[in-house]
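Structural overview for review
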Amino acid sequence: MALYFYPKDDTPGCTTEACEFCDNIFAFRSANCEVLGVSLDNEESHKAFAEKHGLPFPLLADSSGIAADAYGVKSERFGMTLAKRQTFLIDPEGNIAKHYENVDPDTHSAEIL
């Protein structure tokens, strides 16, 4: 599973990254790899973002920041609490197999593949 954290729904970098995952969804599925996006936005924001861009994978609402804390990606930026743009590959046993700390939204999906 590719669990990717991102700062904010419908912002330029986050939209680019989500659409890149969308464009490569069949390759991820062929590799038996689910994609899950996570941000601190709420469910309504996620629903609108996913519908607007036709995202074929779940976006998880971590409004309380519990998951972001657990993965060490919660940060304060521009006076807001956000998730850092980082990805974790989770193996079938639930272990973190790889952690991507420096993510370029334009190429990250292909980098994971």
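For clarity, every value in this text was computed on a predicted model and none was experimentally measured.

1. Observations concerning the state of the cysteines
Here the structure, examined in full by the defined rule, presents 0 disulfides. Left without a disulfide partner, Cys 19 is nearest to the cysteine sulfur of Cys 22, which lies 6.2 Å away. Look at Cys 19 and you get partly exposed, because its relative accessible area is 23%. The thiol sulfur of Cys 33 is not disulfide-bonded, and the nearest other cysteine sulfur, from Cys 22, lies at 15 Å.

2. Concerning the packing of aromatic side chains
For any pair of aromatic rings, the description consists of the separation of the ring centres together with the inter-plane angle of the planes. Per the counting criterion, the structure on display carries 9 aromatic pairs. Ring geometry for Phe 21 against Phe 28: centres 5.6 Å apart, planes inclined by 40°, an arrangement best described as tilted. Comparing Phe 21 with Phe 28 shows no difference in burial state: the two are buried. With a centroid separation of 4.7 Å and 55° between ring planes, the pair formed by Tyr 71 and Phe 88 is classed as tilted. Linking Tyr 71 in helix 4 (residues 66–71) with Phe 88 in strand 6 (residues 86–90), this pair joins segments that are 17 residues apart in sequence. Among the aromatic residues, those joined into a ring-pair cluster are Tyr 4, Tyr 6, Phe 21, Phe 28, Phe 49 and Phe 57. The ring of Tyr 100 carries the charged tip of Lys 98 above its face, separated from the ring centre by 5.2 Å.

3. Considerations on the sheet that holds strand 3 (residues 59–61)
Reading across the sheet, the 5 strands line up as 3-2-1-6-7 and stay open at both edges, with mixed pairing between neighbours. Looking at strand neighbours, the two that pair on one side only are strand 3 and strand 7 (96–100), the edges of this open sheet. Within the sheet, the average angular offset between the axes of one strand and its neighbour, ignoring direction, is 20°. The pairing of strand 1 (residues 2–5) with strand 2 (residues 35–39) spans 4 bridges and is classified as parallel. Pairing of Tyr 4 across the sheet is with Gly 37, part of strand 2. Helix 3 (residues 43–53) contacts strand 2 and strand 3 of the sheet and is inclined by roughly 165° relative to strand 3.

Cut-off values and rules
- Residues numbered from 1 in each chain as written.
- Predicted model: local features only at pLDDT ≥ 70, side-chain atom pairs only at ≥ 80, totals over all residues.
- Heavy atoms only, no water.
- Disulfide = S-S within 2.5 Å.
- Buried < 20%, exposed > 50% of the residue type's maximum accessible area, 1.4 Å probe, protein only.
- Phe/Tyr/Trp six-rings, centres within 6.5 Å; stacked < 30°, edge-to-face > 60°.
- Helix = DSSP H or I, 4+ residues; strand = E, 2+ residues; numbered from the N terminus.
- Lys NZ or Arg CZ within 6 Å of the ring centre and 35° of its normal.
- Pairing = 2+ DSSP bridges.
- Axes fitted to C-alpha atoms, helices over the stretch in contact; angles between N-to-C directions.
- Contact = heavy atoms within 4.5 Å.

None of the figures reported here should be taken as evidence of function without further support.
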